[in-house]
Amino acid sequence: QVQLMESGGGLVQAGGSLRLSCAASGRIFKIRTMGWYRQAPGKQRELVATITSDGSTNFADSVKGRFTISRDNDKNTMYLQMNSLKPEDTADYYCNARILVLLQNPIDAWGQGTLVTVSS
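So, a few notes on the structure that sits alongside this text.

The rules behind each value
- Residues numbered from 1 in each chain as written.
- Predicted model: local features only at pLDDT ≥ 70, side-chain atom pairs only at ≥ 80, totals over all residues.
- Heavy atoms only, no water.
- Helix = DSSP H or I, 4+ residues; strand = E, 2+ residues; numbered from the N terminus.
- Pairing = 2+ DSSP bridges.

## Topic: unusual backbone geometry
Thought 1: The backbone phi angle of Asn76 is positive, close to 50°, even though this residue is not glycine.
Thought 2: If you trace the backbone, Asn76 turns up in the loop between strand S7 (67-72) and strand S8 (77-82).
Thought 3: Within the chain, Leu103 stands out as a residue other than glycine whose phi angle is a positive 65°.
Thought 4: Looking at where Leu103 falls in the secondary structure, it is placed in the loop between strand S9 (91-100) and strand S10 (107-110).

## Concerning the pairing of strand S5 (residues 46-51)
Thought 1: Direction of pairing for strand S4 (residues 30-39) relative to S5: antiparallel, over a ladder of five bridges. Looking at S5, one finds that Tyr37 is bridged to Leu47.
Thought 2: Joining the antiparallel neighbours S4 and S5 is a turn of six residues, in which Gly42 adopts a positive phi near 75°.
Thought 3: Alignment of S5 against strand S6 (residues 57-59), held across three bridges, turns out to be antiparallel. If you follow Thr50 over to S6, its bridge partner there is Asn58.
Thought 4: Counting the residues between successive antiparallel strands, the hairpin from S5 to S6 contains five residues, one of them, Gly55, with a positive phi of roughly 95°.

Put into structure tokens, the structure is as follows:
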């Protein structure tokens, strides 16, 4: 019914930048909070950043000042601008969204993930 599709991952040198995108599609009435999470090999998935429907943001301490989260509500798309990347930012990055669908309970949707690799 609803899908989240991430894009923009890849290999980058330390100090470089990447921009991730997350596009939502399907029978969407409204999208509430959206967020980016990441999971490094052998580690638990962790929150990177979230953004509410009115634009309020929250960031993990490890990315504050380096990452920016934004969204385009008309396009049902969220972005993560990652600057000054560090090798420890290497992980699979997942987008998440709380999606309202008509005549159904809200859906907690996840994307399939996009790999970000930062070389030293």
